[in-house]
Every structure is written in structure tokens, then in C-alpha cells.
Amino acid sequence: MDIKQNNKLIYVLLAISSALALILILIGFAEPVADAGGTNHPSIASMKIGGNGAARLAHVGNYSFAFICLVFLLIVCLAAFGVSAKKRTREFWIYVGAAFGFTMLVSWKLFMGHQAFLESGETTYSFGFPTPTAWQLYGAWLCAIPLVAVYTLGFRKFIYTAEDEESFNHLLKSKSDTD
Amino acid sequence: MEGFRQEIIVGAVLLYMVFCVVTGIWAMRRTHNASDFFIAGRGLGPIVIALALFSSTLSGFGFVGGPGLVYSIGVSSFWIVAVSSTGYALAFFLVAKRIRMIAEMRDCISLPDVVAARYKSQTVRLLIAITIVLGVMGYLATQILAMAVVMQAILSGTEMFASIGLVTCVIISSAVLIFYCVSGGIIASVYTDLVQGAIMIVAGTLILVTATSVFEGGMQEATSIIVADDSESMMPFGAAGIIASMGWFFVFGLGLAGQPHLITKMMMNKKISDNRTILPMSVIGYLMAALLWVSIGVIMRAAVIDGRIAPLALPDDAASVFLSVFTNPLLAGVVFAGLFAAIMSTSDAFLNIGTAAIIHDIPKAIRGKSIQNELFWARLVTALLAAVAAAFALYSHYQDATLVALLGAFGWGTFAASIFPVVAIGLNWKGATASGAITAIVTALTINLGTQLFGITFPYGMNGQLVAFVSSMVLFMGVSLFTAKTKLDQDINRMMDI
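The present account deals with the structure reproduced in this document. (Residues numbered from 1 in each chain as written. Chains lettered and ligands numbered in written order. Predicted model: local features only at pLDDT ≥ 70, side-chain atom pairs only at ≥ 80, totals over all residues. Heavy atoms only, no water.)

1. Some remarks on the overall build of chain B
Now for step 1: Secondary structure assignment for chain B yields 21 helices and zero strands.
Now for step 2: The dimensions of chain B, computed from C-alpha atoms along their principal axes, are 65 × 50 × 45 Å.
Now for step 3: The buried share of chain B, reckoned over its 498 residues, is 67%.
Now for step 4: Of all intrachain contacts in chain B linking residues separated by at least 6 positions in sequence, the fraction that spans at least 24 positions is 85%.
Now for step 5: Summed over all atoms, the accessible surface of chain B reaches about 15,300 Å², with 66% contributed by carbon and sulfur. (Helix = DSSP H or I, 4+ residues; strand = E, 2+ residues; numbered from the N terminus. Buried < 20%, exposed > 50% of the residue type's maximum accessible area, 1.4 Å probe, protein only. Contact = heavy atoms within 4.5 Å. Areas by Shrake-Rupley, 256 points an atom, 1.4 Å probe, with all protein chains shown as cover.)

2. Side note on the overall build of chain A
Now for step 1: Counting secondary structure elements, chain A contains eight helices and four strands.
Now for step 2: N-terminal to C-terminal, the α/β element order of chain A is α-β-β-α-α-α-β-β-α-α-α-α.
Now for step 3: Scaling as 2.2 N^0.38, a compact globule of 179 residues should have a C-alpha radius of gyration of about 16 Å, whereas chain A reaches 22 Å, well beyond that.
Now for step 4: Look at the contacts in chain A between residues 6 or more apart in sequence, and 67% of them connect residues 24 or more apart.
Now for step 5: Put simply, chain A shows about 8,500 Å² of open surface, and 63% of that area lies on carbon and sulfur atoms.
Now for step 6: Separation of charge centres in chain A, based on 13 positive and 12 negative side chains, amounts to 4 Å. (Rg over C-alpha atoms; globule rule 2.2 N^0.38 Å. Lys, Arg positive; Asp, Glu negative; His and termini not counted. Charge placed at Lys NZ, Arg CZ, Asp CG, Glu CD.)

3. Considerations on the packing of aromatic side chains
All names here are of chain A.
Now for step 1: All told, the structure shown has 28 aromatic pairs over all chains when counted by the stated rule.
Now for step 2: Relative to Phe111, the ring of Phe65 lies with its centre 4.9 Å away and its plane at 70 degrees, an arrangement referred to as edge-to-face. A residue pair is termed long-range when its members are at least 10 positions apart, and Phe65 in helix α3 (residues 61–81) and Phe111 in helix α4 (residues 90–120) qualify at 46 residues.
Now for step 3: By relative accessible area, which is 22% here, Phe65 ends up partly exposed. (Phe/Tyr/Trp six-rings, centres within 6.5 Å; stacked < 30°, edge-to-face > 60°.)

4. Description of the packing of α4 of chain A against helix α6 (residues 144–153) of chain A
All names here are of chain A.
Now for step 1: At a minimum axis distance of 8 Å, the contact between α4 and α6 shows a crossing angle of 160 degrees. It follows that α4 is roughly antiparallel to α6 by the angle criterion. The hand of the α4/α6 crossing is right-handed. Between α4, through Phe92, Tyr95, Ala99 and Phe102, and α6, the contact on the second element is made entirely by Pro146, Leu147 and Val150.
Now for step 2: In terms of residue class, the contact of α4 with α6 is made up of seven nonpolar, no polar and no charged. (Axes fitted to C-alpha atoms, helices over the stretch in contact; angles between N-to-C directions. Parallel < 35°, antiparallel > 145°, perpendicular 65-115°, else oblique. Left-handed = near helix turned anticlockwise from the far one by under 90°. Nonpolar A, V, L, I, M, F, W, Y, C, P; charged D, E, K, R; others polar.)

5. With respect to the nonpolar core
Now for step 1: Residues Phe250, Leu254, Phe420 and Ile425 of chain B are the most contacted members of the largest nonpolar core, which totals 259 residues.
Now for step 2: With 20 residues, helix α9 (residues 166–212) of chain B is the largest single contributor of residues to this core.
Now for step 3: Residues contacting Ile425 of chain B, with those up to four places away along its chain left out, are Ile10, Leu78 and Phe81 of chain A together with Phe420, Met473, Phe476 and Met477 of chain B. (Core = buried A, V, L, I, M, F, W, Y, C linked by side-chain atoms within 4.5 Å.)

6. Brief notes about the layout of surface pockets
Now for step 1: Volume-wise, the second largest pocket comes out at about 330 Å³.
Now for step 2: Leu137 and Tyr138 of chain A together with Leu287, Leu291 and Val294 of chain B are, among the 18 residues lining the second largest pocket, the residues nearest its centre.
Now for step 3: Looking at the lining of the second largest pocket, the elements that each hand over two or more residues are α5 (131–142) of chain A together with α5 (78–82), α9 and α13 (275–305) of chain B.
Now for step 4: Its residues assigned to classes, the lining of the second largest pocket comprises 15 nonpolar, three polar and no charged. (1 Å grid on protein atoms, 1.4 Å probe; cavity = no way out; pocket = protein on both sides within 12 Å on 5 of 7 lines; lining within 4 Å. Points joined across faces, edges and corners; volume = space filled by probe spheres on them.)

7. So, the interface of chain A and chain B
Now for step 1: Contact residues are listed per partner, giving 85 residues for chain A and 83 residues for chain B.
Now for step 2: Buried area between chain A and chain B, both sides added, is near 7,400 Å², and the carbon and sulfur share of it is 74%.
Now for step 3: Our count for the contact surface shared by chain A and chain B stands at one salt bridge.
Now for step 4: Between Arg56 of chain A and Glu232 of chain B there is a salt bridge, and its shortest N-O distance comes to 2.9 Å.
Now for step 5: Counting the contacts that link chain A with chain B gives 20 residue pairs in polar contact (both at pLDDT 80 or more).
Now for step 6: The class makeup of the residues in the side of chain A that touches chain B is 51 nonpolar, 25 polar and nine charged. (Buried area = accessible area lost by both parts, 1.4 Å probe. Salt bridge = Lys/Arg side-chain N within 4 Å of Asp/Glu carboxyl O. Polar contact = N/O pair within 3.5 Å; in protein donor to acceptor, adjacent residues only side chain to side chain.)

8. Comments concerning the pattern of salt bridges
Now for step 1: Evaluated as defined, the whole model comprises 15 salt bridges over all chains.
Now for step 2: Arg156 of chain A is the salt-bridge partner of Glu165 of chain A, the closest N and O atoms lying 3.0 Å from each other.
Now for step 3: Taking the relative accessible area as the measure of exposure, Glu165 of chain A reaches 27% and is therefore partly exposed.
Now for step 4: Arg308 of chain B is paired through a salt bridge with Asp306 of chain B; the nearest N and O atoms lie 3.2 Å apart.
Now for step 5: According to the relative accessible area criterion, Arg308 of chain B is partly exposed, its value standing at 42%.

In C-alpha cells, the structure reads:
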């Protein structure tokens, strides 16, 4: 039972990883753009600038958005993979689903905020940074908090139950008896 | 106080080094065998592990290179910092419980021990051990060199040591590192990490307070100045662009669970249930220490664009110039001690895993048994490894700068690409095979080394480490699915059900 459920999830992980590889290949074949990785600052030698943001995203923007969404999906699937299959209850999947939903909100806000800036040339500021960057810095950091909460608060329910502890101690004891 | 700035900084660093030496002597009395030397006899509490984990993550790269990156390319490198919390979470979900279980069941003292138990393969053990040794040499050499360069900069500012040479600084800093690592092994290492972590948290927090007061309008005024100069460098993907940012996001986010110097520490806690508190403490500790990375970088970029400070000769000067211009001498002393702490906490972790690979794992993989009197050899090889890395760093600095850079490529990205699939996925999937593991490791090493050796670059600033990591993940799972499974040992099989 356990092996079968983990086997199913491994196919999901393989599919996501393969999709990421495919996106990298597509980016490799995308029409090149000058200075896509930045160029020297016109007056300060030790600094680089990004230049024309719209041009840099023209051929790879959608691939990149898909890439980041898939990485977040991979992250929550990997977190679930680390939990024993019999403890992946409906409640667990709801929490993990909510964590994924939050990551999608952050991705959307930072990508669309950047897009809006490229179109209008104007941005608001939040917590000291342009709003899309605030979503990146604070939002990407906060993306982990739901997972940290599931691990910490759900430790005895999903990660290492009293029953698990007993099983492990029993395993250790039977091993030492054999030795 | 300003007149004694240099003396205060030297005093703070000296005090810190004396502390390291005293800790080494104290830990020596608690180190009785190889298990104590390498994994502290699996007897460490949650606070020690949590601080050791995050302080080992944030090396000299975080304190010097991080602000330098923000100064140079804007917010691109924020992805490394922001995604670290996810990296810790994944490492705990995938690795923490199982690696600790195997360590206790099989008396493992190193990561290659764990993979050998999981895959029943000495080839996998050997490949992981070789990867670790190569990575450690590059990492250690860069850390020792960074430590010596900073020490030279500090000491040359005083009258007494104005003409001190780099070689002398390498000798002094390596001697302190070697002393406490040789005498106290991992026990000295983690207890110095505890204090190192605390210093880094204090330094990060105080620097943020200082940084926000540099411009009257706080951080928002600084970021507005950067936006007016070049908006892209302050937008979410920075000057390096979206593909480079995505690469860092992937390699540093997922890759944390593949760093041997970090996940080895997950074998050392007293109780598995401590993991529930270790994770949040590590995440918060890293966040506070990393404030330095973000705040110094942004303020220095804005200050140079605004004309308040002359352009830096090198981006890596950002932290030291910030400290000398904007901070009071006491804070500068704490931060410089924090910088040494960051470098030493990473170096001691690498020394420990490198030594284990050389005296424990490689002999075991080749001869089928470990060497006699491991504790003696562990101490000897720790000293030798540090000495070789120091010599290597100096040779590279004076003769051939590409050598350290080349092995530096065997750092984070190679560990991530070769160890993450094998350990993080392999410890949770009974279907993973030794053939899959070998393919993943060889692929990761080949792509990372190949791109460095032959100067191969990818379009849009795509990171070669990202290509290696995604390739090794796909191949690990694909090859495992299509190769014959070896029957797991009964204890490993039962452990993987828990």
C-alpha cells in the first residue's frame, strides 16, 4: 500500500522534473536578446544594470512563469513525498494545497506587478521596496511558512507520531537483540 | 571611540578567536572516539543544532559575497535568501527524520555511511565521498583565503601590523581553525557554531537598524534612487535577469537538502522529536542573519549611485566599506567577529565531513573495512586537510586563480545536483536503485565540471548548475524506474515505512 502510493507520487515528481527540463530546452532555443543577463553600468565600473526589462522578457517571460509555478508545485509534492503515505490524510492534503495556493498567489503578484510596471513605468512601494519586489522578497520567504507550520504543528500527526516512535524503538530493540 | 576604531575591531576579532581556542580545549575532554569526533555521539540539543545548521549555511559568501552581489546586480540574489526558508522546510520533510533513524540503527558517522546502508552499494558510497572531498577542497580553500584577506585588511589598519603579509594571515587564521577542529572535532565545531550563530543574528539585526537610518527616507528612499537609475535592477529579477534568478531559486531552494555539511548535522540530535523545534529556529535564525546581505547591498548601491560614496573597486568591498563609513566602531567589531564566525562555522563543518570521507568512507568503500584507531587519524587528517587547503588557496591566489574557482564550482551546485536526488528522494522511495544514484552523481559531476573546464555558457544567463540539477533529478528517477531493484535490508525497509 505504502509503496504503491509513493510510486504514484514519484511519477508526479518525474513528470514535473521532466517538464522543467523541457522548459529549459525551450528557453535554450528561444530567440536571443542582447544583454539578457545584464550589462555594465554606463558610469560605475563595478555595477551592472538590467536595461530594457520588456525586451528581456519578450521571448522567455511565459516560460519563466511556468517554470516558477512548476518549481513551487515540485516543492509541495516533495514535502508530501517526505511524509509517510499512510499519514497523507485528506487534512494533510488540504494544508499542503493551501500552501501551494499561497505560493501561486505570491508568484502571480510578483510577475503581474512587474508586468504592470513594465507597461506603465510606475510602481507603488511596500515595506521599503517596489511592490513587486516586496512580493518577491517577503512573499517568497513567507511561502515556506505554511510548510514550516505543517511540519512543526503537525509533527505528531503527520511526521513522527507516538506510534512511529514506538515502532522505531521496537526496531532498535529487535536489532540490538539480533546483534 | 572613533579614534580607536581599528583597535576595537582587532580586539573583537581576537576575543572571538580566543573563545574558539578555549572551546576546542573544552571539547577535547568530551571527545573519546570517532563517533564523538564526527557526529557528537548523537547527543546534541535542539538549540545547538538549530544555530549550527543556519550558521553553517551562511558562510563568508553570505557576509561578503551576498552584499557584493546586491551591489553589483541588484535584487537578483534576493532569490537565494528568500528561498532558503523553503530549503530548510524541504530538508526537514525529506531528510531530517530518516537520516537520524539510519544513523542510529546502523551507527553511521557520515553521509556516505548512510547512502551505503540505503543502497547496499560501495560504489555509491565512494562516489559521494569523492564528491564531498572535491567540494570540500574548493570550499575550504576559498573560505581560508577569505578569512586571511579580511584579517589582513583589519590588521594592516593598525600601526603595529601595518605591513603584515597574506601568508602570515593564512597561517594565523588556519592555526586557530585547525586547533579547535583537531582538538574538539564536531563538538567544538557545533558549540562554536552556537556562539557564531548568535553573533551573526545580532550583527544582522543591528546592521538592518543602521542601514535604514543611512537615508532620511529609510529603505524606500534607497530603493527609489536605484529605481530611478535602472529600474530593472530593483525589480524582482534584478540586473542578472529572470533566468539567472530562476536558477538560483531552484538550486538554492531545493539544493539545501543536498548539502552534506548541513544534513550531516541532522544525524546529531539527541531525539528525533527535537526536529519540530529545530526547523523554525533555523529558519528564523537564518532570516535575521541574512538581513545583513539585503540591507548592506541595497544601501551601498544607492549610496554610490547617489554620489555619497565613491564607486567601489570590487563589489565584494561593499560590506567592509559600509562598516567603515556608516557604523560605529563597536558595531563594526561585532560584525567583523560575525564575519569570522560565518567563515569559520562553514569551514569547520567542511573539515569535518572531508575528514570523514577520507579516513572513514573511502577506505571502507575500497577495502570493505574502516582503518584502525579512527580518532587518531581523524585528528591528523583534519590538520593535513586544512593545511593542504590553505596551501592550495595561497598557490591559487599567487599563481593560478582558476584552480580555486574550478573547485569552487564543486560547491553548492554540485552537492545539490549529486546529493539531493540520492539522499532526499532516495531515503523516501523504496524504488530508488544504486544505478539511478550512480547515474545522477556522475551526471552532476560531469555537467558541473564540464561547463567550468570548457567555459560552456547557456542562453539568457542560465546557470549550468541548474541544468545539472534538473538533469540529475530526471535521470535518477528515470533510471531507477527502469533498473532492477535490490532487496532492501529488513531494518531499512521497516524504517522507510515509518
